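Notes for the structure review
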Amino acid sequence: MFELENECIKYAVIGDPVAHSVSPAMQNAGFMAAGLDERYGKYHVKPEDLAGFTEFARHNLYGFNATVPHKSALIPLLDEVAPAALAANSVNTVIVRNGKLYGDSTDGYGLESALQEAFGLEIAGSRIVMLGAGGAAQATAFEFVTRQAAQLTIINRTKSKAEALAAHLAGKSTALTALGNDETALIAAAVENSDVVIQATSAGLHENDAPPLELELLKNAPAVFDMIYKNTAVLQYARSHNIPCADGRGMLLHQGAKSFSLWTQRPAPLAAMRSALDMALNK
């Protein structure tokens with residue numbers, strides 16, 4: 001069912017869809033800058049074919065990344081999963097060694113590094129508002145409570161999903177609040193009292209997507225980070241109101257660099273990877 005495009009490809013990204021991914025450009029720049037012969041490809045893997053792909057990877061690859069919708073579904077197919085990734089119920093990086101599959105998550109590290117780079121923000125002691133409670137939010141929310149954020153407010157169109165995520169994260173020192181999109185007064189207060197607002201929904205992936213909430217609620221945000229690396233409605237609003245903001249390319253860069261290091265056991269060539277990523281996104 002799955003075949004190597006060529007013998008040099010030993011790493012890949014999988015997803016459904018995956019054609020839009022710029023990870024191959026970024027990772028291949030890293031491999032070339034590091035003087036490694038291996039290359040990185042992409043595979044369109046539908047949910048019903050995920051088990052088949054993991055067996056293919058077990059015998060043909062050295063590692064792979066997983067994106068939507070596979071980050072949770074992968075877990076039972078792996079031989080071992082890092083405790084933090086298991087607790088977050090999310091794997092985005094798989095290392096293949098001696099026919100065994102080891103799962104980890106670099107999403108939280110990627111976001112933490114991007115927030116530090118964009119805003120000088122340290123997670124410990126910070127007050128964070130997160131829009132969304134789905135797959136993209138889960139691993140990063142777990143990172144926030146693990147890194148001892150003071151406050152995490154989770155806002156979601158379906159409040160019960162925000163409440164379920166907050167309940168899953170409970171037990172750490174972080175104060176947790178779950179809100180529905182219609183609780184506008186509470187949202188406005190949380191935004192104003194935060195250190196950063198993080199957009200973690202899929203809103204903005206497509207040109208005509210509606211914003212994840214009423215944009216005026218962001219008017220007093222101290223900073224806005226959108227995980228999507230496009231010019232979303234949230235970012236347009238932030239820029240037009242002179243709110244410090246950043247898109248998701250920094251997160252993609254740093255989570256990819258961490259994956260590179262997990263696979264190769266060497267530091268990632270960050271400058272080369274950043275340059276290739278910017279070039280791919282600006283085409």
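The coordinates are above.
What you see is a predicted model; the values in this text were computed from it and never measured. (Residues numbered from 1 in each chain as written. Predicted model: local features only at pLDDT ≥ 70, side-chain atom pairs only at ≥ 80, totals over all residues. Heavy atoms only, no water.)

**Details of the overall build of the protein chain**
Broken down by element type, the protein chain carries 10 helices and 12 strands. Taking 19 Å as the expected radius of gyration for a compact globule of 283 residues, we find that the protein chain reaches 19 Å, a close match to that expectation. Viewed in the frame of its principal axes, the protein chain has a C-alpha envelope of about 55 × 40 × 35 Å. A buried classification covers 51% of the 283 residues belonging to the protein chain. Restricting the contact set of the protein chain to residue pairs at least 6 apart, pairs at least 24 apart contribute 64%. Put simply, the protein chain shows about 12700 Å² of open surface, and 50% of that area lies on carbon and sulfur atoms. Both charge centroids of the protein chain, one from 22 positive and one from 29 negative side chains, sit 3 Å from each other. (Helix = DSSP H or I, 4+ residues; strand = E, 2+ residues; numbered from the N terminus. Rg over C-alpha atoms; globule rule 2.2 N^0.38 Å. Buried < 20%, exposed > 50% of the residue type's maximum accessible area, 1.4 Å probe, protein only. Contact = heavy atoms within 4.5 Å. Areas by Shrake-Rupley, 256 points an atom, 1.4 Å probe, with all protein chains shown as cover. Lys, Arg positive; Asp, Glu negative; His and termini not counted. Charge placed at Lys NZ, Arg CZ, Asp CG, Glu CD.)

**Section: the packing of helix α4 (residues 107–119) against helix α9 (residues 249–264)**
Where α4 contacts α9, the axes come no closer than 7 Å and their chain directions differ by 130°. Considering their axes alone, α4 and α9 lie oblique with respect to each other. For the element pair α4 and α9, the recorded crossing hand is right-handed. Of α9, the residues touching α4 (which contributes Asp107, Tyr109, Gly110, Leu111, Ser113, Ala114 and Glu117) are Gly250, Met251, His254, Gln255 and Lys258. Of the residues belonging to the contact of α4 with α9, the class tally is four nonpolar, five polar and three charged. (Axes fitted to C-alpha atoms, helices over the stretch in contact; angles between N-to-C directions. Parallel < 35°, antiparallel > 145°, perpendicular 65-115°, else oblique. Left-handed = near helix turned anticlockwise from the far one by under 90°. Nonpolar A, V, L, I, M, F, W, Y, C, P; charged D, E, K, R; others polar.)

**Considering the packing of aromatic side chains**
Scanning all chains against the criterion turns up nine aromatic pairs. Centre to centre, the rings of Tyr11 and Trp263 are 4.9 Å apart; their planes meet at 35°, and the pair counts as tilted. Residue Tyr11 is found in strand β1 (residues 9–15), and its partner Trp263 is found in helix α9; the two are separated by 252 residues along the sequence. When sorted by exposure, Tyr11 lands in the same class as Trp263, which is buried. Note on Phe53 and Phe56: the rings are 5.7 Å apart at their centroids and 45° apart in plane angle, and the pair reads as tilted. (Phe/Tyr/Trp six-rings, centres within 6.5 Å; stacked < 30°, edge-to-face > 60°.)

**Let's talk about the pairing of strand β8 (residues 151–156)**
Counting buried positions along β8 yields five of six residues, so the element is predominantly enclosed. Alignment of strand β7 (residues 127–131) against β8, held across five bridges, turns out to be parallel. The partner of Met130 across the bridge, within β8, is Ile154. Chirality of the crossover, the property in question, places the unit of β7, helix α5 (residues 135–146) and β8 among those that are right-handed. Strand direction decides the pairing type here: β8 and strand β9 (residues 175–180), joined by six bridges, are parallel. Bridge pairing in β9 places Asn156 opposite Gly180. (Pairing = 2+ DSSP bridges. Right-handed = clockwise from strand over helix to strand, strands pointing away.)

**Topic: the sheet that holds strand β6 (residues 100–104)**
On the basis of which strands lie adjacent, the open sheet formed by six strands has the order β2-β1-β3-β5-β6-β4 and mixed pairing. Bordering the open sheet on either side are β2 (39–44) and β4 (80–81), each of which pairs with just one other strand. Here five bridges tie strand β5 (residues 93–97) to β6, and the two strands are oriented antiparallel to one another. Bridged to Arg97 within β6 is Lys100. Seen against the sheet, helix α1 (residues 23–33) touches β1, β2 and β3 (63–66) and runs at an angle of roughly 160° to β2. Where α9 meets the sheet, its contacts fall on β1, β2, β3, β5 and β6, and the angle it forms with β5 comes to roughly 10°.

**Topic: the pairing of β6**
Side chains Leu101 and Gly103 project from β6 onto a buried face, and the interleaved Lys100, Tyr102 and Asp104 project onto a face without burial. With two bridges joining them, β4 and β6 adopt parallel strand pairing. Residue Glu80 lies in a different strand from β6, and its bridge partner there is Tyr102. Between β5 and β6, which pair antiparallel and follow one another directly, the connecting turn spans two residues, one of which, Asn98, has a positive phi of 50°.

**Focus on the nonpolar core**
Counting residues in each nonpolar core, the largest one holds 31 residues, and the members touching the most others are Leu115, Met130, Phe144, Leu152, Ile154, Ile198 and Phe225. The element contributing the most residues to this core is α5, with six residues. (Core = buried A, V, L, I, M, F, W, Y, C linked by side-chain atoms within 4.5 Å.)

**What to know about the sheet that holds β7**
Across the sheet, which stays open at both edges, the six strands sit in the order β9-β8-β7-β10-β11-β12 with parallel pairing between neighbours. Edge positions in the sheet fall to β9 and β12 (245–246), since each of these pairs with one other strand and no more. Summarising the sheet, strand β10 (residues 196–199) and strand β11 (residues 224–226) pair through three bridges and their orientation is parallel. By the bridge assignment, Gln199 is partnered in β11 with Asp226.

**What to know about α9**
The terminal C-alpha atoms of α9, which comprises 16 residues, lie 22 Å apart, in line with the 22 Å expected from a rise of 1.5 Å per residue. Judged by how many residues are buried, α9 sits mostly within the fold: 13 of 16 residues are covered. Trailing α9 by a residue or two, Gln265 shows a phi angle of about 60°, which is positive. (Expected span 1.5 Å × (residues − 1).)

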